[in-house]
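Structure assessment
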Protein chains: 2
Amino acid sequence: MALGIGYADQTCNLARALEVLGERWTMLILRDCFYGVRRFSDLLAHLDISRAVLTERLNTLVEAGIVERRAEGGHPVYLLTEAGTATWPSLYALARWGERFGPPERRSGRTFRHWGCDAELDDHGRCPECGATPGPADVVTHPGPARAGDRTDPVSVALRSPHRLLTSVPA
Amino acid sequence: MALGIGYADQTCNLARALEVLGERWTMLILRDCFYGVRRFSDLLAHLDISRAVLTERLNTLVEAGIVERRAEGGHPVYLLTEAGTATWPSLYALARWGERFGPPERRSGRTFRHWGCDAELDDHGRCPECGATPGPADVVTHPGPARAGDRTDPVSVALRSPHRLLTSVPA
DNA sequence: TGGTTCAGTCTGATGACCAGACAATAATCG
DNA sequence: CGATTATTGTCTGGTCATCAGACTGAACCA
């Protein structure tokens, strides 16, 4: 989490999670990883983050074992590890909260549905159709309605169609 | 979230949640609110946060409708609103993740149990005994084992005994 | 009245983040 | 093969958040 001392004196699992996940941009980077964004340049364009900070966050995530850096045809590719995919319930819960209680402007309308059932997941990430609580690999995200001023980077464009989580995007 | 621009261009419910909840210290303040910490001085002592930052965070949380400031006998008291208590699934999921994958030192061993059933909640916050997913008011937290160097502020001391969430602490 | 607690505000120092320039390596094309 | 472009970073100077700790003002207590 940086800024000096972290949460050094907090003997608490939440503080331990936030020590890694709570830094600025980190959860949004993970969100993009779930969406299937894998390349430095795509993260950069989709997040509007500074290069230096993106580099630093990715290094931190790799060191923490949340993301794996793999060389693929010369250029690196970033993939979620088991610890990374295990952050899904946290991100999903936060997004749900943001939908109901976040600042009212910029409501996205994006939904998450169970692969196969096509039913929208509830507050706890459960499929109302079959009762299962699917992992991210079995979740499909559907975009909300288009709006003026939508982003035009390749990732944003690709995510205007329904997309199964963890499968590569764009292309 | 501050530091200049927020996540202004991210049309995304997660970004909207993090705009408020993602600032440094904010989720730990909310954790303490769930524990029942209600006074400025108790938050200050329990969190080791600077006075200026605590003041600013509380103001932000009040403005966002997540926490309510109520004058009680001259001194203010801070209580979770409906939007505040609705953050419980997010905090619980993060704490669960921190327990499994966070930095290995400072593992707390603290558990969360269903009031009445006394069964430990699972990854999704569900009670394995009765199948319900209790809200925070029906959750009891049990401390992990004591350790050398445990904090000695009143809140930390009080939380060494089992404690029902949202009930006042200390005393 | 004078001391104590509490809830903030204020200050100077440190460091994280920003935009944008620069560098190094890898793919592409004539 | 050599030149161009694409991609992944590193570096820099300025801005702003956070830090520790001193200070203020109001309420409560003896």
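For the structure itself, look to the data block above.
First, a word on what this report is: a plain description of the structure on this page. Counting from 1, residues in each chain are numbered in the order their sequence is written. Each chain takes a letter, starting from A, and each ligand takes a number, starting from 1, following the order in which they are written. Two thresholds apply to this predicted model, a pLDDT of at least 70 for residue-level local features and 80 or more for giving and counting side-chain atom pairs, whereas whole-chain, interface and lining totals are computed over all residues. Hydrogens are left out, water is left out, and the side-chain values use all remaining heavy atoms of the structure.

**Quick notes on the protein's contact with DNA strand D**
- Being near a molecule or strand, for a residue, comes down to having at least one heavy atom within 4 Å of it. Around DNA strand D lies a shell of 18 residues, among which S41, R51, T55 and Y78 of chain A together with R57 of chain B are the nearest.
- Among atoms of DNA strand D positioned within 4 Å of the protein, sugar and phosphate together represent 73%.
- Under the rule applied, a polar contact is a pair of N or O atoms within 3.5 Å (in protein, one hydrogen donor and one hydrogen acceptor; residues adjacent in sequence only if both atoms are side-chain atoms). W25 of chain B is positioned with one of its side-chain polar atoms (N or O) 3.1 Å from a phosphate oxygen of DNA strand D.
- Strands here mean DSSP runs of E at least two residues long; helices mean DSSP runs of H or I at least four residues long; both are numbered from the N terminus. Of all the elements in the fold, those that place two or more residues in the surface near DNA strand D are α3 (40–47), α4 (51–63) and β2 (75–80) of chain A together with α4 (51–63) of chain B.
- When residue character is reported, Ala, Val, Leu, Ile, Met, Phe, Trp, Tyr, Cys and Pro are called nonpolar, Asp, Glu, Lys and Arg charged, and the others, Gly included, polar. Considered class by class, the residues forming the surface near DNA strand D number eight nonpolar, five polar and five charged.

**Let's talk about the protein's contact with DNA strand C**
- Inspection of the region around DNA strand C gives 20 residues, with R57 and G73 of chain A together with R51, T55 and Y78 of chain B positioned closest.
- Close to the protein, within 4 Å, the atoms of DNA strand C belong to sugar or phosphate groups at a rate of 77%.
- R24 of chain A places a polar side-chain atom, nitrogen or oxygen, 3.3 Å from a phosphate oxygen of DNA strand C.
- The side chain of Y78 of chain B places a nitrogen or oxygen atom 2.6 Å from a phosphate oxygen of DNA strand C.

**Some points on the sheet that holds strand β5 (residues 163–164) of chain B**
Residue and element names in this part refer to chain B.
- With respect to topology, three strands assemble into an open sheet ordered β3-β4-β5, the strand pairing being antiparallel. At either end of the open sheet lies a strand with only one pairing partner, and these are β3 (111–114) and β5.
- Sheet topology places β3 next to strand β4 (residues 139–142); four bridges connect them, and they run antiparallel. For F112, the partnering residue across the bridge sits in β4 and is T141. Only strands that DSSP links by at least two bridges are regarded as paired with each other.

**A closer look at the interface of chain B and chain A**
- At the junction of the two partners, chain B supplies 59 residues and chain A supplies 59 residues.
- Put simply, buried area is the surface a 1.4 Å probe can reach on two separate parts but cannot reach once they are joined, added for both. A combined buried area of about 5,300 Å² lies between chain B and chain A, and 59% of that area is made up of carbon and sulfur atoms.
- Contact with chain A buries area across many residues of chain B, yet R16, W97 and R106 of chain B alone supply 16% of it, more than any other trio.
- What makes a salt bridge here is a side-chain nitrogen of Lys or Arg within 4 Å of a carboxyl oxygen of Asp or Glu, nothing more. At the boundary of chain B with chain A, the tally comes to two salt bridges.
- R100 of chain A serves as the salt-bridge partner of E82 of chain B, at 3.2 Å between the closest nitrogen and oxygen.
- If you look at where chain B meets chain A, you find 20 residue pairs in polar contact (both at pLDDT 80 or more). It only takes one pair of heavy atoms within 4.5 Å for two residues to be counted as in contact.

**A short note on the packing of helix α1 (residues 13–21) of chain A against helix α6 (residues 88–101) of chain B**
- Following both chains from N to C, one finds α1 of chain A and α6 of chain B inclined at 85 degrees, their axes separated by 7 Å at the closest point. Viewed along their axes, α1 of chain A and α6 of chain B adopt a mutual orientation that is roughly perpendicular. Each of N13, L14, R16, A17, L18 and L21 of chain A in α1 of chain A lies in contact with α6 of chain B, whose residues at this interface are L91, L94, A95, W97, G98 and E99 of chain B.
- Partitioned by chemical class, the residues of the contact of α1 of chain A with α6 of chain B number eight nonpolar, two polar and two charged. In this analysis, axes come from line fits to C-alpha atoms, helices being fitted only over the stretch in contact, and the angle between any two N-to-C directions falls in the range 0 to 180 degrees. Small angles under 35 degrees read as roughly parallel and large ones over 145 as roughly antiparallel, with 65 to 115 read as roughly perpendicular and the rest as oblique.

**As for the relation of the copies chain B and chain A**
- Each copy of the sequence occupies a distinct position, and chain B is placed on chain A by a rotation of 180 degrees and an axial shift of 0.0 Å, giving an RMSD of 0.0 Å. When the rotation and shift are considered jointly, the pair of chain copies conforms to a two-fold rotation axis. Relative to the rotation axis, the closest C-alpha in chain B is found at S90 of chain B, a distance of 2.7 Å.
- When the interface residues of chain B are mapped onto chain A, 100% of them again lie at the interface, so the same face is used by both copies. The superposition of copies rests on a least-squares fit of C-alpha positions from residues with pLDDT of 70 or more in both.

Everything listed here is a matter of geometry and, on its own, says nothing about what the molecule does.
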